[in-house]
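# Geometric and topological summary
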Amino acid sequence: MYRDDLGRFKEFKAQGVAIKFGKFSVKENKQLEKNVQEFLSLTGIGNADKLLHADRYPEEKSLITDLKRKYSFRLHIGKGIARPWKLVYYRAKKMFDVNNYKGRYSKGDTEKLKIYQSLHGNDWKKIGEMVSRSSLSVALKFSQISSQRNHGAWSKTETQKLIKAVEEVILKKMSPQELNEMDSKLQKNPEGRLSIVREKLYKGISWVEVEAKVETRNWMQCKSKWTEILTKRMTNGQDVYRGANALQAKINLIERLYEINVEDVNEIDWEDLASTIGDVPPSYVQTKFYKLKATCVPFWQKKTFPEIIDYLYETSLPLLKAKLEKKMEKKGTEIQTPATPKPVFLFRDIFYCDDDSEGEDGDEKC
């Protein structure tokens, strides 16, 4: 991958363009669509499904592979997109997969999915091919229908199972070198304090695996609950988004979003924006922004991202500042300074913290 990306990355560096990860922007999706269509015209391959899913066309697979090699497919597909070619390729496979646009599952589809899962286990790739759906689609659908799931408040037992499950999935994902380093530190100092890089606490976690270990909740519930737990432990239980602190956090968030001046929500570095609220996971900030636009911006679904930010800055921001000023007039009202996000955390402070109290933080409407 490094060899194929090296020339492109040098060009981007010369242009002052940073290499990106995360969600693709609308602009990147359009460029990718253009790259695929140009490559199809160049090679004469019939359609994008044949180009990106050649396994579905065994009689033509050899010819398609030769054409991709002859016309430097890896370089062509990544043209104008500042990302590793493999990430661009995965995005293209998803965008142009006809099985991703099948609509809702009928009762018949659901019953077939249950039968195939009982026969083939969690081989989602094979099952996806059998029902003409993507592997991700069938995995998530089965997650929803496989068994009765609990709703409402989490029990203490469920919460402990979730924390243990996330820990196991994170450790499983670590490289042998990282695991050996942890073992070495423990052998040298059994009572020593192991640390973990903050990004490993929320990036790249397989929530389907976590769900299977928790058993009583689906993957979306697990992910949401983990964000809540992680936020609480990162902030040492402080109310970073309640009362006057919530108003100040909203003000900080709106001002920062207006300042960075991006055209698409997918261009936002949520990791960087976390500092507007405090030492919290990026998904926490994303959730707060969603609630902010949904409660403050009328008909936000019909507005572009810049229009949403302009409305928040020009209309909502003055109202929030007035509310905060009024709140600060009351005696004893204080605002906490947002904590600087820490690059690492102690393992025990995240996974072995004896704090099972529940509670939602408060969101004030505009």
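Given the structure is predicted, the values throughout are model-derived calculations rather than measurements.

## A short note on the overall build of the protein
Each helix and strand in the protein was counted, giving 18 helices and two strands. A principal-axis box enclosing the C-alpha atoms of the protein has dimensions of 75 × 50 × 50 Å. Contacts in the protein between residues at least 24 apart in sequence constitute 73% of all its contacts with a sequence separation of at least 6. About 21800 Å² of surface is accessible on the protein, with carbon and sulfur atoms providing 51% of the total.

## Brief notes about the nonpolar core
If you look at the biggest cluster of nonpolar residues, it comprises 31 residues, and the most contacted ones within it are Leu257, Ile277, Val285, Phe289 and Leu312. Residue assignment for this core shows that the elements contributing at least two residues are helix 14 (244–260), helix 15 (270–273), helix 16 (282–296) and helix 17 (305–328). The residues contacting phenylalanine 289, other than those within four sequence positions of it, are Leu253, Leu257, Trp270, Phe305, Ile308, Ile309 and Leu312.

## Examining helix 12 (residues 207–214)
An α-helical turn contains 3.6 residues, so any two residues separated by three or four positions project in the same direction. Buried within helix 12 we find Trp207, Val210, Glu211 and Val214. Buried residues of helix 12, seen end-on, are gathered within an arc of 100° and therefore sit on one face of the element. At the exit of helix 12 stands glutamate 215, carrying a positive phi of roughly 75°.

## Observations regarding the pattern of salt bridges
All told, the structure shown has 25 salt bridges when counted by the stated rule. Between arginine 83 and glutamate 28 there is a salt bridge, with the nearest N and O atoms lying 2.9 Å from each other. Taken together, the positions of arginine 83 in the loop between helix 5 (73–77) and helix 6 (85–95) and glutamate 28 in helix 2 (residues 26–43) put the pair 55 residues apart, joining distant regions of the chain. Note on glutamate 28: relative accessible area 9%, which makes it buried. When the shortest N-O distance is used, the salt bridge between aspartate 55 and lysine 61 registers 2.7 Å.

## Some words on the domain arrangement of the protein
By the assigned domains, the protein splits into domain 1 (5–96), domain 2 (107–146), domain 3 (156–236) and domain 4 (243–338). Once you take the C-alpha centre of each, domain 2 and domain 4 turn out to be 40 Å apart.

## Let's talk about the packing of aromatic side chains
Here the structure, examined in full by the defined rule, presents 12 aromatic pairs. Here phenylalanine 39 and phenylalanine 73 contribute two aromatic rings whose centre-to-centre distance is 5.3 Å and whose plane-to-plane angle is 65°, an arrangement assigned as edge-to-face. Of this pair, phenylalanine 39 sits in helix 2 while phenylalanine 73 is found in helix 5, placing the two residues 34 residues apart along the sequence. Assigned by exposure class, phenylalanine 39 and phenylalanine 73 land together as buried. Relative to phenylalanine 351, the ring of phenylalanine 347 has its centre 4.9 Å away and its plane inclined at 35°; by these criteria the two rings are tilted. Residue phenylalanine 347 and its partner phenylalanine 351 are located together in helix 18 (residues 347–351), separated by four residues, close to a single helical turn. Residue phenylalanine 347 is classed as buried on the basis of its relative accessible area, which comes to 6%.

The rules we used
- Residues numbered from 1 in each chain as written.
- Predicted model: local features only at pLDDT ≥ 70, side-chain atom pairs only at ≥ 80, totals over all residues.
- Heavy atoms only, no water.
- Helix = DSSP H or I, 4+ residues; strand = E, 2+ residues; numbered from the N terminus.
- Contact = heavy atoms within 4.5 Å.
- Areas by Shrake-Rupley, 256 points an atom, 1.4 Å probe, with all protein chains shown as cover.
- Core = buried A, V, L, I, M, F, W, Y, C linked by side-chain atoms within 4.5 Å.
- Buried < 20%, exposed > 50% of the residue type's maximum accessible area, 1.4 Å probe, protein only.
- Arc of directions from axis to C-beta.
- Salt bridge = Lys/Arg side-chain N within 4 Å of Asp/Glu carboxyl O.
- Domains from an automatic or database assignment.
- Phe/Tyr/Trp six-rings, centres within 6.5 Å; stacked < 30°, edge-to-face > 60°.

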